[in-house]
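# Examination of the molecular architecture
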Amino acid sequence: DEEAAAAAAAAAAEAVEALNAARAGVLEEGGTALSVGMDLSLPLVLVAATSAKSNLLPLDVVPPRAVGPTKPPRDFEQELREEMDEMIQVVAQEYIALFPTETGAAAISMEEQKKQLLYVLNTSGKYHEYKERLKPRIQRVVRVKFENKPNSVEEADRFVSQLYAYLMSELTKVLNRIFRDAEKLQEPQLTSSILPKDDAELLEELELELEKFRVLAIDAEANGDMETTTKRHEDRVAAASSPWESDPTPPALPTGPTAEKRLAVLAACWFDYGVFCLRAATAADADDSFKGGMQSKAEQCLANAVRENPADGPALQLYGAVLLEAGKYEKSEVMFRAALALELPAAEPDAKAEQELTADELAAPLPLSNTLLCLQLMATGQHTPARACLSAAVKGHQARLLKNGAPLDLLGKPKRTAGAVALDAVEFLVEGKLPGMARKALELFQKCEAAAKTKCEDRGLVDAMPAWLKQREKRLTAALLLLEDGSQTDPAQSEAFAATTLDPEDGAAWQGLGDIHYASGAVEEAVSAYIKALSLLSAKPKPTAARSMIVGSTGAPPEVPPPPPLRLFVRLGTLMLQLGRNDAARGVFLQGCDTWQTCSMWLGAGIALLRLDQLKESEDALMEANVRNNKNPVVWGFVALACLARGDKVRVDQADKSIVQANRLGLTDAALLRELANSYTALDLLESAEALFRRSLACEPSAHTRREDVR
């Protein structure tokens, strides 16, 4: 029976297969097709957009002009007028001394008065003095007003005539203003004088000026121009240090609340300068001659910051870390203990000996201060007080997590709090570009993790480090490896890959991976990582375990995440331009314009739009770049390139003037000079093209430039 049933089942199956084959043949002959549609609530593969605002135009994100004091460019014409004004005042005084009364002057003819006045001016030396003072003023005006050098006698005569007419016109303006002001003095004064600005208004103007220098410094550093960044920081410190009219005569010092704010502002300027010097000392794209003294300069700047504002905790911590990196253990301990004293609950920290403080009071300061002091004590062999500091840091970290509402279960079993505070120190030291102490902090983390594993074995627990802590260790290890040796990128790359795998939503990990790919020369891989990083850092962060575990320098995760760094926008946009992905580059730069509003962002947007033949939008963007920094020669060069793209005579004249300005500011971009020369060649303006080719050859000798010049 079983065999019969099996045979019957097999026969039935064969019959069904034959029937299906026959039906399939009929459907195929008739051209029958079956389609199925479906709607998905989520995409199957998440792809990061190259830009969230790729359809924006420059004018869509142009902010309103800020109303505030700005430092205007040097006005050579105004300087000439001021020199003329002073000269006229001296001549008038000599005339009055010669002819003190109207009756005495009326008795002598105008020609005789002129002779006597010229004689007095010559014999007193004032004629020669003011002639020599006027020469450089006139020379500067000539360079600005008359760009083209005369090439013939006729052009030279025409130039002299134009210059004479211009100088007489300016002299007439000055004379008219002097007589007009004199007439006003004869009229009764009906309005009261304008009140001088008080200290609060002066401080507000100072802060606006300092913010302008700060943005210029950030912009220059993001573009790898370390020398310009140094100058901007020096300008910022000089502006914050300049005395006010209301200040007392030295050696007396200003007093009052405004004076204290001024010192705090000056200290912040020194602190920012010191932080930049630390970054510059390890910058891969900076010259070795430039990086040589930056570490010592950073130490000096941070010392000035602490001197101006001894109550600045971050300055004390970073200055102490720099001293510790340099092996100055005693001084570093002083800085760390001062930072701890600022955070102690006692009203007068110095009045309370440390040994009298309870464990709870010792745990009150932020964990970072205790951890840094722990590293200093370990470096000097003081292991028992070092363990006490680490214990206080652990207790303070857990107390802040509870205050922030973060579950302590995320620290694992046993709790990895000591490892978490050690990684806080690693991140602080890596950001401060102090690889030696960062390595020591990472070794402290490894010791804490080894102790946690031993506890797991003793208690029979499963040895499992929390994923968020493992991911953070991988990310910081990758950053430290790149900081220690930028040429050996393979170990750092494997660590960074692990960090992005453990937490694909960590924008900082993707940015670190992009930096490693960039250092190794893998441009396409770097662009992909930077795109992912920009997408994550621009979006609102999701609540994750890693984010809830953050204590940081403020004791809690930031309520509003910081914007993506300017360096990320600059590097991603520049790489996209190099790869010819102009539309994507336009989106990146315009998003950067919306976030940062710097010269480099508008310049990048203008270049991308120019490559896309959107000339009107490109000119708008380049004008915005010029407004933010009219001393950038590259901006002037691309303004000239945009004008040449129009091709008409008016725009060619504007291009000529822009190139004169770019050359005056020191344009040395050989590729841009070649591109400008090619544009002139296309317009059959061969003389201008040849001059640009030769300048390009001087900046960067290349066979391509030589071939173009020969043509």
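Residues numbered from 1 in each chain as written. Predicted model: local features only at pLDDT ≥ 70, side-chain atom pairs only at ≥ 80, totals over all residues. Heavy atoms only, no water.

Take the overall build of the protein next. Secondary structure assignment for the protein yields 32 helices and zero strands. Considering only residue pairs separated by 6 or more positions, the protein has 66% of its internal contacts joining residues 24 or more positions apart. With the model as given, the accessible surface of the protein reaches about 40,000 Å², and the carbon-plus-sulfur share is 55%. (Helix = DSSP H or I, 4+ residues; strand = E, 2+ residues; numbered from the N terminus. Contact = heavy atoms within 4.5 Å. Areas by Shrake-Rupley, 256 points an atom, 1.4 Å probe, with all protein chains shown as cover.)

Turning our attention to the packing of helix α26 (residues 599-611) against helix α27 (residues 615-628). For the pair α26 and α27, interaxial distance at closest approach is 8 Å and the crossing angle is 160 degrees. One finds that α26 runs roughly antiparallel with respect to α27. Handedness of the crossing formed by α26 with α27: left-handed. Where α26 approaches α27, its residues C599, W602, L603, A605, G606, L609 and L610 are matched on the opposing element by L615, E617, S618, A621, L622, E624, A625 and R628. Class assignment for the residues of the contact of α26 with α27 results in ten nonpolar, two polar and three charged. (Axes fitted to C-alpha atoms, helices over the stretch in contact; angles between N-to-C directions. Parallel < 35°, antiparallel > 145°, perpendicular 65-115°, else oblique. Left-handed = near helix turned anticlockwise from the far one by under 90°. Nonpolar A, V, L, I, M, F, W, Y, C, P; charged D, E, K, R; others polar.)

Before going further, it helps to spend a moment on the environment of F445. Within the fold, F445 resides in helix α18 (residues 435-459). On the accessibility criterion, F445 (2% relative accessible area) is buried. Residues contacting F445, with those up to four places away along its chain left out, are G419, A422, L423, M465, L469 and E473. (Buried < 20%, exposed > 50% of the residue type's maximum accessible area, 1.4 Å probe, protein only.)

Counting 78 residues, the largest nonpolar core has L318, L375 and L429 as its most contacted members. No other element matches helix α9 (residues 257-281), which puts twelve residues into this core. Setting aside residues up to four positions removed in sequence, L318 forms contacts with F271, V275, L278, L302, F428, G432 and L434. Counting residues in hydrophobic clusters, the runner-up holds 63 residues, among them V635, L641, A655 and F693. (Core = buried A, V, L, I, M, F, W, Y, C linked by side-chain atoms within 4.5 Å.)

Let us look at the confidence of the model for the protein. Overall, the predicted model of the protein reaches an average pLDDT of 82, with 83% of residues at or above 70. pLDDT under 50 marks residues 45-70. Its contacts with residues more than four places away, or in other chains, come to 47 contacts. In this model residues 347-355 is a low-confidence stretch, pLDDT under 50, and it forms seven contacts with partners more than four residues away in sequence or in other chains. (pLDDT = per-residue confidence, 0-100.)

Taken as a whole and judged by the stated rule, the model has 36 salt bridges. Note that E170 is salt-bridged to K173, the shortest N-O span being 3.5 Å. Here K173 and E170 lie together in helix α6 (residues 153-186), a separation of three residues that amounts to about one turn. By relative accessible area, K173 is classed as partly exposed at 46%. Between R571 and D515 there is a salt bridge, with the nearest N and O atoms lying 3.4 Å from each other. Placement of the pair is R571 in helix α24 (residues 566-578) and D515 in helix α21 (residues 507-520), with a sequence separation of 56 residues. For the pair formed by R571 and D515, the shared burial category is buried. (Salt bridge = Lys/Arg side-chain N within 4 Å of Asp/Glu carboxyl O.)

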